[in-house]
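Inside the fold
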There are 2 protein chains.
Amino acid sequence: MTAHTAPGEIERESMRIISAQLEEMGVALPPECREVVLRAIHTTADFDYAQNLVFTPGAAEAGIQALKQGVPIVTDTNMALSGINQAACRRLGVERYCYMADPRVAQQAAETGSTRAAAAVDRWAAEHPEAVFAVGNAPTALLRMAERMEAGELRPALVIAVPVGFVNVVESKEEILRLCREKNVPIIAAMGRKGGSTVAAAICNALLYQASPRPI
Amino acid sequence: MTAHTAPGEIERESMRIISAQLEEMGVALPPECREVVLRAIHTTADFDYAQNLVFTPGAAEAGIQALKQGVPIVTDTNMALSGINQAACRRLGVERYCYMADPRVAQQAAETGSTRAAAAVDRWAAEHPEAVFAVGNAPTALLRMAERMEAGELRPALVIAVPVGFVNVVESKEEILRLCREKNVPIIAAMGRKGGSTVAAAICNALLYQASPRPI
């Protein structure tokens, strides 16, 4: 067992190992994408994220600038929310929201027969239409987002589209990527089946740490 | 886009797709391990979990029986905690705990120079020494657990050892697996670097759903 025990030191050593393995694999990451990709791999130990993450040009920088201005982050699960670094959010004055447990969301879902994840997007549109939206779980959230963006009711500062799964997930990510490109909305997406709440949180953290370097 | 929208239906279709792909890969899962492996893949879309999960004989069944008796679940992160299905816990009378935000843990970590994850294990030993312990993040939690088990202060109903990472992670999982085998403590572990809070929660849920089938 190696002697790294301080969390900051462990993280630096982890990033060094990841970088070395990427280099061995012949992967050269553009500086803008580097921190996001490294942190997605760091949180999964899955090097597929070096290949499956896509960025519209300037997407990471748009996210960093938004967070520097205190734009809030909205997530589709409480799990993703709880993985987003609180200290970094406090330093930047960034609020974090998830509406999955909001009673109005449950009520709307029951009344309309939609998923709660989709109903939650209507709360996003009502309360934080220009937030950074991080979706790690629900393809129905991405599809409702696409509808709301088409209707001009949502104008995200950045879309993080990384739901995981086997049904409708691939298609929902392709649809939101197409729409974001059409509407010139910055997006970072994990194409294919992979993703998840930890990946959504890791991407938020990569942007937060670049917006406000950590005291480690 | 296919027409699956009800959450229960999406999940059944997902499990069917995963099962079919495992069959194509020539992977035959023993019935006891099947639900845990399927749900780890379901939460990551990563078929490596068909290979990297190991179980001591009877480990999944030991977890199911413990949960049926209302044994609590303790996790090393609030993220894992929030991924564990609350409705299933309520049906079984299973309480969930995470001590990472406990002020006593922060104080002990500061006084002793240990990680908070390791200090939290001392709270587990004091308050729930016979719980189901799910570790998705911190190798130092596994190593402290090993010390406390050696000292006879912890006797887990089940250890779920699935931290993710690049430093000390592989070694900590090998150490806790060795010790659990020696002490005849049931363990489910993700060998190698992979794992994470979502995987820890998924394994807990696989056991919870078998202990108390869901009304879907």
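First, a word on scope: everything that follows refers to the structure included in this document. Predicted model only: the values in this text are computed from it and were never measured. (Residues numbered from 1 in each chain as written. Chains lettered and ligands numbered in written order. Predicted model: local features only at pLDDT ≥ 70, side-chain atom pairs only at ≥ 80, totals over all residues. Heavy atoms only, no water.)

**Notes on the packing of helix 9 (residues 139–150) of chain A against helix 10 (residues 169–183) of chain A**
All names here are of chain A. Relative orientation of the contacting elements helix 9 and helix 10 amounts to 25°, with a least axis distance of 9 Å. Classified by the interaxial angle, the pair formed by helix 9 and helix 10 is roughly parallel. Between helix 9 and helix 10 the crossing geometry is left-handed. Every residue of helix 10 that contacts helix 9 at Pro-139, Leu-142, Leu-143, Met-145, Ala-146, Met-149 and Glu-150 is listed here: Val-169, Ser-172, Lys-173, Glu-175, Ile-176, Arg-178, Leu-179, Cys-180 and Lys-183. Considered class by class, the residues forming the contact of helix 9 with helix 10 number 10 nonpolar, 1 polar and 5 charged. (Axes fitted to C-alpha atoms, helices over the stretch in contact; angles between N-to-C directions. Helix = DSSP H or I, 4+ residues; strand = E, 2+ residues; numbered from the N terminus. Parallel < 35°, antiparallel > 145°, perpendicular 65-115°, else oblique. Left-handed = near helix turned anticlockwise from the far one by under 90°. Contact = heavy atoms within 4.5 Å. Nonpolar A, V, L, I, M, F, W, Y, C, P; charged D, E, K, R; others polar.)

**So, the packing of helix 7 (residues 103–112) of chain A against helix 8 (residues 116–127) of chain A**
Residue and element names in this part refer to chain A. Put simply, helix 7 and helix 8 touch, their axes get as near as 8 Å, and they point 125° apart. Comparing their axes, helix 8 and helix 7 come out oblique. Helix 7 and helix 8 meet at a crossing whose hand is right-handed. Here helix 7 contributes Arg-104, Val-105, Ala-106, Gln-108 and Ala-109 to the contact with helix 8, which in turn contributes Arg-116, Ala-119, Ala-120, Asp-122, Arg-123 and Glu-127. In terms of residue class, the contact of helix 7 with helix 8 is built from 5 nonpolar, 1 polar and 5 charged.

**Side note on the relation of the copies chain B and chain A**
Turning chain B through 180° and shifting it by 0.0 Å along the axis lays it on chain A, with an RMSD of 0.0 Å. In the structure described here, the two chain copies are related by an operation that fits a two-fold rotation axis. Judged by C-alpha distance, Met-79 of chain B is the residue of chain B that lies nearest the rotation axis, at 2.6 Å. When the interface residues of chain B are mapped onto chain A, 100% of them are again interface residues, pointing to one common binding face. (Least-squares fit on C-alpha atoms with pLDDT ≥ 70 in both.)

**A short note on the interface of chain B and chain A**
Accessible area lost during the coming together of the parts is what is often quoted as the interface size. Each partner contributes to the interface: chain B provides 36 residues, whereas chain A provides 36 residues. Of the roughly 2800 Å² buried at the junction of chain B and chain A (both faces included), carbon and sulfur atoms supply 69%. Put simply, chain B and chain A have 0 salt bridges between them. Across the chain B-chain A interface, the total number found is 2 residue pairs in polar contact (both at pLDDT 80 or more). Secondary-structure elements contributing two or more residues to the side of chain B that touches chain A are helix 1 (7–24), helix 2 (31–44), helix 5 (78–83), helix 10 (169–183) and helix 11 (197–211) of chain B. The element that contributes the greatest number of residues to the side of chain B that touches chain A is helix 1 of chain B, accounting for 6 residues. Of the residues belonging to the side of chain B that touches chain A, the class tally is 14 nonpolar, 17 polar and 5 charged. (Buried area = accessible area lost by both parts, 1.4 Å probe. Salt bridge = Lys/Arg side-chain N within 4 Å of Asp/Glu carboxyl O. Polar contact = N/O pair within 3.5 Å; in protein donor to acceptor, adjacent residues only side chain to side chain.)

By themselves, these figures tell us nothing about what the structure is for.
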